[in-house]
Each structure stands twice: as structure tokens, then as C-alpha cells.
Amino acid sequence: MAEITAGMVKELREKTDAPMMECKKALTEAAGDMARAEEILRVKLGNKATKAAGRIAAEGVVGIHVSGDGKLAAIIEINCETDFVAKNDDFLKFARDCAALVAEQSPADVAALSQLALGGSTVEATRAELVGRIGENLSLRRFVRIEGQGRIATYIHGGSKIGVVVDVVGGDEALAKDIAMHIAATKPVSLSRDEVPAELIEKERSIAAQKAAESGKPAEIVEKMVEGSVQKYLKEVTLLGQPFVKDDKQTIEQLLKSRSASVKRFVLFLVGEGIEKKQVDFAAEVAAAAKGV
């Protein structure tokens, strides 16, 4: 049997916000597999165990640039070590400058972007100079360049922690801005059901099946419960299926149809999404160990 350490229990608790002993039980049942333990907690505790999905695990900013004609945009995430540096004016300017380079020169990847000219030097040399001056490591993580088919709208929220670029065909500027703000608020996984990754659907189906099985109901009822849960999930995570934040009596799809508009594409960046940021709290681990965790 895998050893369940106090550190593992603490990490799972931070990810899920579940009670300490529930975390220990889930890790024991999962033989130390962190991902499986999270799934077990989802089954037992429902949405109370989904804190990890929205948690920001690293600091930094999202930078956005839109061309003068509004037909081209770029969004970039640049990470740093502390929130204090994320508010630094030079760091914020660096992010904006890098976003402009992505839009204007369309580099293939982060490595190519790093070699582009910037202010009489290169992006990489500028980054290194900032590291030396600010005293923290800075890294260019990811970017996307969008050539709009319609009207490009953008939205930055939470001190540049959340960034959205959306391409809306039809409608007007106010509608496009509303859609961008909605995306920032609800954080959809994809535009439509067809674009939701298969692995996410299967994971949700597995969780729903485990929950339904505990009901003790007949197999045909269990099957309907599972399918209902999956359909509910797809509405929640797809932009077109979500209720509009300003009027929950209509979905985004209905709103767009009423305005003779459509969304061709959107990009949503959450700073630190998917990054594991190691935090060591020896006092907490010693205390947990003393309690027999």
C-alpha cells in the first residue's frame, strides 16, 4: 500500500477544500494517486471538491493587443513569482509589448517570440534585464494570435489575471463586449458541445456513473441519471449553452440568434491555469503529522 504522507493530504486539501480526513480517506482509497483521489472526492462531495479547477496557481499577467483596424488581436500570458511584481509597470509594459509583437509578426512559438527585436534589443534580452532589475524569474508561457472574421472584442479582469479575446460576426460593439465579459465571468471550456474534449466528457460521465450507482436505483434509471448529468455538464461548460450572465432567461446561443450574430472563436487565459506552484509549509505539515494524519 502506498504511503499517504501529511504533505499529500495537505496538497489535496488545498486543491479541493475538502475536510482533512476526507482527503486522507480518498488518497488511501486511490493508493496515493492524486488525480484519482480528486475524482473520489467529487463523487462524495460534489462541487465542493472542485476548487482546483478555478484556483490560480502562479502569478503573472495577461497582455492583449488589438490592431488599429480591429481585425487582428493577440493574447499572451507572462508569469512571475509574486503578485507584487505582477503589478509592476515595467512588467505590465513588457506584456503589452510582447502581445503587440505576436500580433504584428506572428511568431511560431515562445522560442521564436523570444528572439524578436524589442526596443533596440530582443525579447529575451529584455526579459533577462527585467529579471535582474526586479529580482524575480519571469517567463513567457503561451500566446494566441487571432485574425478576426468579424468584430474582435477583448476584456481584462482581476488586475490582468483573466483575459478574453472573442471574434463576433454580426451584432454590434456592445454585444461583442457583453460576450467577452460573459466569458470572463463563466469561463467556458469551449464554444459548443462538439468542441468539448472527449476526455473531459468521459471523466464527467465516470463521476456521474459512480454517483448514480450509489442511489441503488434500477440500471435503466441509473443510465438516464448519468446521461442527464452529462447533458447538464455540457450546458455549463459550453459558451453557447450557458445562460447569459445579464439575463439568465436566455442562453448565449439564443442571445446571438436574436441579434443575427455568431461567435467564430474565443480565447480565454487564466493566469497560472494548470501550473503547479510548490508551496512548503513545514509548520502545517508538522502539525498534521502530530495529529496522526
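Remember, predicted model here, so these are calculated numbers, not experimental data.

### Some details on the overall build of the protein
Item 1. In terms of helices and strands, the protein carries 13 helices and 10 strands.
Item 2. A buried classification covers 42% of the 293 residues belonging to the protein.
Item 3. By sequence separation, contacts in the protein at least 24 residues apart represent 64% of the contacts at least 6 residues apart.
Item 4. Total accessible area computed for the protein in this model is approximately 15,400 Å², and 52% of it derives from carbon and sulfur atoms.

### Notes on the packing of helix 1 (residues 6–16) against helix 2 (residues 20–29)
Item 1. Close contact between helix 1 and helix 2 brings their axes to 9 Å; oriented N to C, the two are set at 115°. Considering their axes alone, helix 1 and helix 2 lie roughly perpendicular with respect to each other. With respect to the hand of their crossing, helix 1 and helix 2 are arranged in right-handed fashion. Contacts from Met8, Val9, Leu12, Arg13 and Thr16 of helix 1 reach helix 2 at Met20, Cys23, Lys24, Ala26 and Leu27.
Item 2. Taken together, the residues of the contact of helix 1 with helix 2 break down into seven nonpolar, one polar and two charged.

### A word on the packing of aromatic side chains
Item 1. Scanning all chains against the criterion turns up zero aromatic pairs.
Item 2. Lying over the aromatic face of Phe269, Arg142 brings its terminal NZ or CZ to 4.0 Å of the ring centre.

### Some remarks on the pairing of strand 6 (residues 151–157)
Item 1. When strand 6 meets strand 7 (residues 162–169), the two strands line up antiparallel, connected through seven bridges. Pairing of Tyr155 across the sheet is with Val164, part of strand 7.
Item 2. Between strand 6 and strand 7, which pair antiparallel in sequence order, lie four residues; one of them, Gly158, sits at a positive phi of approximately 65°.

Basis of the calculations
Residues numbered from 1 in each chain as written. Predicted model: local features only at pLDDT ≥ 70, side-chain atom pairs only at ≥ 80, totals over all residues. Heavy atoms only, no water. Helix = DSSP H or I, 4+ residues; strand = E, 2+ residues; numbered from the N terminus. Buried < 20%, exposed > 50% of the residue type's maximum accessible area, 1.4 Å probe, protein only. Contact = heavy atoms within 4.5 Å. Areas by Shrake-Rupley, 256 points an atom, 1.4 Å probe, with all protein chains shown as cover. Axes fitted to C-alpha atoms, helices over the stretch in contact; angles between N-to-C directions. Parallel < 35°, antiparallel > 145°, perpendicular 65-115°, else oblique. Left-handed = near helix turned anticlockwise from the far one by under 90°. Nonpolar A, V, L, I, M, F, W, Y, C, P; charged D, E, K, R; others polar. Phe/Tyr/Trp six-rings, centres within 6.5 Å; stacked < 30°, edge-to-face > 60°. Lys NZ or Arg CZ within 6 Å of the ring centre and 35° of its normal. Pairing = 2+ DSSP bridges.

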